Amino acid sequence: MSTLIPVISAGLQNQLARLRRGRSAVVESGHTVMLGWSPHVYTVLRELVEANRNQRRACVTILAEKDRPEMEAAIRERVGHTATTRVVCRSGDPTDPVDIAIVNPSSARSIIVIPPEGDDPDIAVVKSLLAVGSSQAARGRGGDSAAPVIVASVQEAQNLSVARLAGGATCHVISAQGFISRLMVQMSLQCGLSAVYTGLLDFEGDEIYMQPQPELVGRTFGETLAAYRTSCVIGLMDASGRVRLNPRHDTVLRAQDQIVAISEDDGTVLLSETVPVVDETAISPPDGPERPGRQVLMVGWSRHAPDIVRQLQTQLPAGSRVNVIAETDLTDAEKVLAGAGDGVPEVSFRQADTTRREVLESADLGAYDHVMVICPNERNPRDSDARTLTTLLKLRDLAARHSYDFSLATEIADDRNRALARAAKADDFIVSSELVSLCLAQLSENPHLGQIFDELFGPQGVQISLRPMGGYVRAGADTDFYTVTAAAARCGEIAIGHRIHSRAQLPPDYGVLINPDKAERVSYTEGDQIIILSAGTHGES
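Quick notes on the rules
- Residues numbered from 1 in each chain as written.
- Predicted model: local features only at pLDDT ≥ 70, side-chain atom pairs only at ≥ 80, totals over all residues.
- Heavy atoms only, no water.
- 1 Å grid on protein atoms, 1.4 Å probe; cavity = no way out; pocket = protein on both sides within 12 Å on 5 of 7 lines; lining within 4 Å.
- Points joined across faces, edges and corners; volume = space filled by probe spheres on them.
- Helix = DSSP H or I, 4+ residues; strand = E, 2+ residues; numbered from the N terminus.
- Expected span 1.5 Å × (residues − 1).
- Buried < 20%, exposed > 50% of the residue type's maximum accessible area, 1.4 Å probe, protein only.
- Nonpolar A, V, L, I, M, F, W, Y, C, P; charged D, E, K, R; others polar.
- Salt bridge = Lys/Arg side-chain N within 4 Å of Asp/Glu carboxyl O.
- Pairing = 2+ DSSP bridges.
- Axes fitted to C-alpha atoms, helices over the stretch in contact; angles between N-to-C directions.
- Contact = heavy atoms within 4.5 Å.

J.: Can you explain the layout of surface pockets? Please cite residues and give values.
T.: Size it by volume and the second largest pocket reaches roughly 1,200 Å³. Along the wall of the second largest pocket there are 43 residues; nearest its centre are A195, T198, P508, D509 and Y510.

J.: If you had to explain helix α2 (residues 40-51) to someone new, which residues and values would you point to?
T.: Counted at 1.5 Å a residue, the expected span for α2 with its twelve residues is 16 Å, and the 17 Å between its end C-alpha atoms agrees. Burial analysis of α2 places ten of its twelve residues in the buried class, which makes it a mostly covered element. Every buried residue belonging to α2 is among H40, V41, Y42, T43, V44, L45, E47, L48, V49 and A51, and all of these are buried.

J.: Got a sec to walk through empty space enclosed by the protein? Specific residues and values, please.
T.: Enumeration according to the criterion identifies three cavities of 30 Å³ or more in this entry. The volume enclosed by the largest cavity comes to roughly 60 Å³. Lining the largest cavity, in full, are P39, Y42, T43, R46, R78, D414, D415, S433, E434 and S437. Residue assignment for the lining of the largest cavity shows that the elements contributing at least two residues are α2 and α15 (432-445). The class makeup of the residues in the lining of the largest cavity is two nonpolar, three polar and five charged. In this model, the second largest cavity occupies a volume close to 50 Å³.

J.: Could you give me a rundown of the pattern of salt bridges, with the residues and numbers involved?
T.: Tallied over the entire structure, the rule returns 21 salt bridges. With a closest N to O distance of 4.0 Å, R219 and E223 form a salt bridge. By relative accessible area, which is 35% here, R219 ends up partly exposed. Put simply, R467 and E493 hold a salt bridge, and the shortest N to O gap is 2.9 Å. Taken together, the positions of R467 in strand β17 (residues 463-468) and E493 in the loop between α17 (481-489) and β19 (494-499) put the pair 26 residues apart, joining distant regions of the chain.

J.: Can you lay out the sheet that holds strand β16 (residues 428-431) for me, pointing to particular residues and giving the numbers?
T.: Spatial strand order, β13-β12-β11-β14-β15-β16: six strands in an open sheet with parallel pairing. Edge positions in the open sheet fall to β13 (346-351) and β16, since each of these has one partner strand only. Looking at each pair of strands side by side, their axes are set apart by 15 degrees on average, direction ignored. Bridge analysis of strand β15 (residues 407-412) against β16 gives four bridges, and the strand direction is parallel. The residue of β16 that forms the bridge with A409 is D428. Docked against the sheet, helix α7 (residues 176-189) engages β11 (295-299), β14 (370-373), β15 and β16, running at close to 155 degrees with respect to β15.

J.: Give me the lowdown on unusual backbone geometry, citing residues and values where you can.
T.: Positive phi values are uncommon outside glycine, yet N104 reaches one of about 55 degrees. Structurally, N104 can be placed in the loop between α4 (97-100) and β4 (110-113). Taking the relative accessible area as the measure of exposure, N104 reaches 9% and is therefore buried. Of note in this structure, N246 is not a glycine but carries a positive phi near 45 degrees. Judged by relative accessible area, N246 falls into the buried class, the value being 5%.

Here it is in structure tokens:
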């Protein structure tokens, strides 16, 4: 007995140590697999927890090159209580097919490849996508089970096609570079858009759903816009799965078509029981064309800054000017971007330390309509945000001292610096890593959203914008959102919400309300804005 007891004790300790190392196989099915570890993990996991609240038992499995206790402690600290979602951590290499097999990817519902931190994360993402395919081929899926949805993101747009090829037919890859670039451009030209996009991408508020609606077959798309009281129709999906946002309003719905709508839940996409009455007296004539020429200052440089300049060149009207000040040597960028043709906004470059006050004072800030601060993402995120916030505070101080009237938008790399960005009083800002993570979480739950994101964040897709309410309804008129919807439809646009100016500085929504109840009475005042979905530069095919 004295010999047997130590043998049993040693065996139990070895087994417990093995379990603590996180090398035991996962036997779950229908779970979500996350491969890799970076700050993206916390945002994605929080969103999955929120999405799974209506499920009795959900599971998320994480495989990363970290100790299991370390991962579990970090999740408890940064995510907190996971409600009905059980989180299982396993230690292993997310680019090794043998280690990936531990988390049972063949039986998973979706697989999310988390981009790692480092100088070249795209290589690791592509290797993980190849390893997932190799692991599934080696083990087989068994039966008639469908292949899991695979989602990932790459930093460089040039690596997008390679990643999609590595991931296979069920893989959805987004370009963080193009995504952040277009959002930064739109946000710098009109403040408040970051709250709109965050509201559309997270699982806490209204979301985007696709549903068949046989009652609407034979009616035009324009007629469907007012057919729902608590949902907002934004597009159509045909029988082949092709999604069109804001199609021609005379498009007739066919039997196989599904509507694409913003709603609180899939069960709230319900036709209105009453026929709305449009208040013609409250509708105002559309605003005239926007004044020509915009002056934009870009402060800072990063890997996606060239794409931002290209976006500005395509979206700014003739007579505009874009000036760039950055610490980086911009000689090569100047050669590529400055040689634009006639009618394209002029671009100039200047190398200087953007954290120095005298550099900002010499930039003639009063001549600019918009100023955007670019986060230098080649640095450590904390160091990048420190420089960004320093520049932001000095810009805001100069604007207050000299009564400059430019809009100030910025990008933050680390979600933990969100409160600091608000304290620095940026007119608008984005946490770039958070928005990419929100896209990954949404795609893992609904892969059809990939086409919608391509439209919203592609270079020539539809656009979301905030327009003065005076272009749609009269100030002070007691009206409802049915009337606003009708006014926008006459311009070939879709009204999806509004922003109330008096609440523009109040968190968490900053005055933004997406998909309001169309029957509720509202009286807009000067400064209020309507959130509009309009056709992009490519028009409607």
